[in-house]
Each structure stands twice: as structure tokens, then as C-alpha cells.
Amino acid sequence: MFFWFTFALIFMPAIELYLLFKIGGEIGAGNTFLIIIITGILGAYLARLNGLSVLAKIQTEMAEGKMPGKQIIHAFLIFGGG
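For clarity, every value in this text was computed on a predicted model and none was experimentally measured.

S.K.: Could you clarify how one ought to interpret helix α1 (residues 2–27) in this entry?
M.R.: An α-helical turn contains 3.6 residues, so a residue and the one three or four places further along point in the same direction. Given a rise of 1.5 Å per residue, 26 residues ought to cover 38 Å, and the 36 Å separating the end C-alpha atoms of α1 matches this to within 8%. Helix geometry: α1 is bent most strongly at A8, by close to 40°. Just downstream of α1 lies G28, where phi reads positive at about 100°.

Right under this line is the structure:
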């Protein structure tokens, strides 16, 4: 488990930066910047859609008198990923 945690926190960002510079060198800085902006907007839009969906589920479960523990965890993960 420690290996995957280390891999996720150290090596994945390093690989991402390497690929960013490598691809940026091939397609140019302007195109790379445009791709980063577009994927950021798309990611924010998807996080908003999923967040609103989870919020509706939380409200439904609370109206039914249930504790929405699982949905709250999903909301935190969506927030962190966004």
C-alpha cells in the first residue's frame, strides 16, 4: 500500500510534468496552454454536475431520515478531485 501512496503523490505529478513539457515542445506553448484551459473548464463542469447530483442524493436521504455518510464521502472526493 505504501508503494501506491508514494507513487500517487510523487511519481504521478513528475510524470505529468514530464509529459506536459514533452508534448508542449511538440505542439507549442499556445496549444498546450489552450489544452490545459479546456481540460480545466471541462473538469470543473463535470465536478459541478456530479456535485449537484450527490447533493440531491444527500437531501433525499436526509428527507427519508437516513444518515448520508456514503454520499458525504463522495462529495468530499468530488470536491478534492475538482
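S.K.: What should I look at first to understand the environment of I23 in this one?
M.R.: Along the chain, the position of I23 falls in helix α1. Those residues in contact with I23, other than ones at most four positions away along the chain, are G28 and T32.

About the thresholds
Residues numbered from 1 in each chain as written. Predicted model: local features only at pLDDT ≥ 70, side-chain atom pairs only at ≥ 80, totals over all residues. Heavy atoms only, no water. Helix = DSSP H or I, 4+ residues; strand = E, 2+ residues; numbered from the N terminus. Expected span 1.5 Å × (residues − 1). Bend = angle between axes of the 7 residues up to and from the residue. Contact = heavy atoms within 4.5 Å.

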